[in-house]
Amino acid sequence: MSVSVDLNADLGEGFGAWELGDDEAMLGLVTSANVACGFHAGDPALLLRTCREAAARGVRIGAQVSYRDLAGFGRRFIDVTPEDLTADVIYQIGALQAIAHAAGAAVTYVKPHGALYNTIVSHREQAAAVAAAVHSVDLGLPVLGLSGSVFFEEARKRGLRTVAEAFADRAYQPDGTLVSRREPGSVLHDPLEIAERVAGMVATGQVSAVDGTTIPITVESVCVHGDSPGAVEIATAVRERLITDGVNLAAFS
């Protein structure tokens with residue numbers, strides 16, 4: 001029986017006159033699109049175009065929810081109260097649901113972005129707030145995140161499906177968390193090296209951490225960052241390598 005893996009990317013992350021990444025090209029490569037919801041990036045017109053293009057290509061749409069932080073692209077921790085965070089996430093999912101509906105599609109999962117994603121690996125109050133938000137909107141929405149996180153614990157408590165994500169182009173700490181973008185070597189750039197690394201993750205359930213140790217990793221979905229330099233080349237290399245290895249690329253949702 002062949003292994004099936006989802007390939008996702010963060011899309012719709014431009015804003016107004018500022019373009020970021022090549023969404024059209026990425027939508028021809030991935031099976032799921034994590035579409036920004038306006039809090040860290042993405043204006044309504046861009047998000048509508050992105051959802052329409054995703055729908056036309058049969059790519060699943062996920063709500064990429066974040067802290068309210070346009071200036072920092074959602075990459076700064078914000079000490080928001082659980083009540084406010086729950087409301088913010090509900091608001092973002094709802095906004096993208098309306099846009100996706102207008103585009104003839106639907107939001108089929110939720111993925112936190114940036115600092116929020118990393119924070120809720122261990123910050124239980126915020127993890128619970130995000131899980132509560134998704135649960136209150138639609139119990140049928142899976143959540144994409146890091147295996148072993150408290151976010152997954154809180155999501156499962158509420159009956160939400162969890163989907164373990166691995167990062168094609170990010171370095172890992174020995175504890176399985178991501179190396180901070182402030183650290184050198186946190187983002188990988190060589191397409192063939194990245195493709196080889198992803199193939200190894202999928203085949204063995206392991207990856208090399210920055211200290212050289214081998215750590216376990218669960219791979220149900222692989223993320224290629226759409227805003228990384230060379231993102232299209234990286235996604236192409238990863239996609240082609242997985243297909244060559246007999247891996248079935250398919251959306252999880």
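Read on for an overview of the structure. No experiment lies behind these values; they were computed from the predicted model shown.

**Considering the environment of valine 30**
Relative to the helices and strands, valine 30 resides in the loop between α1 (23-27) and β2 (32-36). Sequence-wise, valine 30 and arginine 57 are 27 residues apart; in three dimensions their C-alpha atoms are separated by 9.8 Å. Among all residues touching valine 30, those that are not within four sequence positions of it are Leu7, Asn8, Ala9 and Val59.

**Observations concerning the packing of aromatic side chains**
Counted under the stated rule, the structure contains five aromatic pairs. When the centroid spacing of 6.1 Å and the interplanar angle of 90 degrees are considered together, the rings of tyrosine 67 and phenylalanine 77 count as edge-to-face. Within this pair, whereas tyrosine 67 is found in the loop between β3 (60-65) and α3 (82-102), its partner phenylalanine 77 is found in the loop between β3 and α3, the two being separated by ten residues in sequence. Residue classification places phenylalanine 77 among the partly exposed positions, given a relative accessible area of 45%.

**A short note on unusual backbone geometry**
One non-glycine residue, phenylalanine 73, lies in positive phi territory at about 55 degrees. Within the secondary structure layout, phenylalanine 73 lies in the loop between β3 and α3. The class of phenylalanine 73 is buried, set by a relative accessible area of 16%.

**Remarks on the side chain of serine 32**
Mapped onto the elements, serine 32 comes out in strand β2. Ignoring sequence-local partners within four residues, the contact set of serine 32 consists of Asp6, Leu7, Asn8, Ala9, Val59, Arg60, Tyr109, Ala251 and Phe252.

**A word on the pairing of strand β1 (residues 4-11)**
Taken across its eight residues, β1 has seven buried, putting it largely inside the fold. For β1 and strand β10 (residues 248-249), the ladder comprises two bridges, and the chain directions are parallel. Across the sheet, valine 5 pairs through a bridge with leucine 249, a residue of β10. Bridge count for β1 against strand β9 (residues 221-223) is three bridges, and the pairing is parallel. Residue pairing in the sheet places aspartate 6 in a bridge with serine 221 of β9.

**Observations regarding helix α2 (residues 44-57)**
End to end, α2 covers 20 Å across 14 residues, agreeing with the expected 20 Å (1.5 Å per residue, within 8%). Looking at α2, one finds that the buried residues are Leu46, Leu47, Thr50, Cys51 and Ala54. For α2, the buried positions fall inside an angular range of 130 degrees around the axis, keeping them on one side. Exposed residues lying more than 90 degrees from the buried face of α2 are Pro44, Arg49 and Ala56. Considering only its buried residues, α2 is in contact with β1, α1, β2, β3 and α3. The N-cap of α2, judged by a side-chain oxygen 3.2 Å from the amide nitrogen of alanine 45 a few residues on, is aspartate 43.

**Some thoughts on the pattern of salt bridges**
Here the structure, examined in full by the defined rule, presents eleven salt bridges. Between glutamate 154 and lysine 157 there is a salt bridge, with its nearest N and O atoms 3.1 Å apart. Remark: lysine 157 and glutamate 154 occur in helix α6 (residues 150-157); sequence separation between them is three residues, near one turn of the helix. The class for glutamate 154 is buried, based on a relative accessible area of 4%. For the salt bridge of arginine 241 with aspartate 245, the shortest nitrogen-to-oxygen distance reads 3.0 Å. The class of aspartate 245 is partly exposed, set by a relative accessible area of 40%.

**Focus on a negative patch on the surface**
A cluster of acidic side chains, namely Asp79, Glu83, Asp84 and Glu125, defines a negative patch on the protein surface. Along the chain, glutamate 83 falls in helix α3.

**Thoughts on the packing of α2 against α3**
Contact geometry of α2 with α3 gives a least axis separation of 8 Å together with a crossing angle of 50 degrees. Regarding the angle of α2 to α3, the classification is oblique. Pair α2 / α3 crosses with right-handed handedness. Touching Pro44, Leu47, Leu48 and Cys51 of α2 are Leu96, Ile99, Ala100 and Ala102, all from α3. Across the contact of α2 with α3, the residue classes break down as eight nonpolar, no polar and no charged.

Thresholds applied
- Residues numbered from 1 in each chain as written.
- Predicted model: local features only at pLDDT ≥ 70, side-chain atom pairs only at ≥ 80, totals over all residues.
- Heavy atoms only, no water.
- Helix = DSSP H or I, 4+ residues; strand = E, 2+ residues; numbered from the N terminus.
- Contact = heavy atoms within 4.5 Å.
- Phe/Tyr/Trp six-rings, centres within 6.5 Å; stacked < 30°, edge-to-face > 60°.
- Buried < 20%, exposed > 50% of the residue type's maximum accessible area, 1.4 Å probe, protein only.
- Pairing = 2+ DSSP bridges.
- Expected span 1.5 Å × (residues − 1).
- Arc of directions from axis to C-beta.
- Polar contact = N/O pair within 3.5 Å; in protein donor to acceptor, adjacent residues only side chain to side chain.
- Salt bridge = Lys/Arg side-chain N within 4 Å of Asp/Glu carboxyl O.
- Patch = residues over 30% accessible without salt bridge, like charges linked within 9 Å, V, L, I, M, F, W, Y side chains within 5 Å.
- Areas by Shrake-Rupley, 256 points an atom, 1.4 Å probe, with all protein chains shown as cover.
- Lys, Arg positive; Asp, Glu negative; His and termini not counted.
- Charge placed at Lys NZ, Arg CZ, Asp CG, Glu CD.
- Axes fitted to C-alpha atoms, helices over the stretch in contact; angles between N-to-C directions.
- Parallel < 35°, antiparallel > 145°, perpendicular 65-115°, else oblique.
- Left-handed = near helix turned anticlockwise from the far one by under 90°.
- Nonpolar A, V, L, I, M, F, W, Y, C, P; charged D, E, K, R; others polar.

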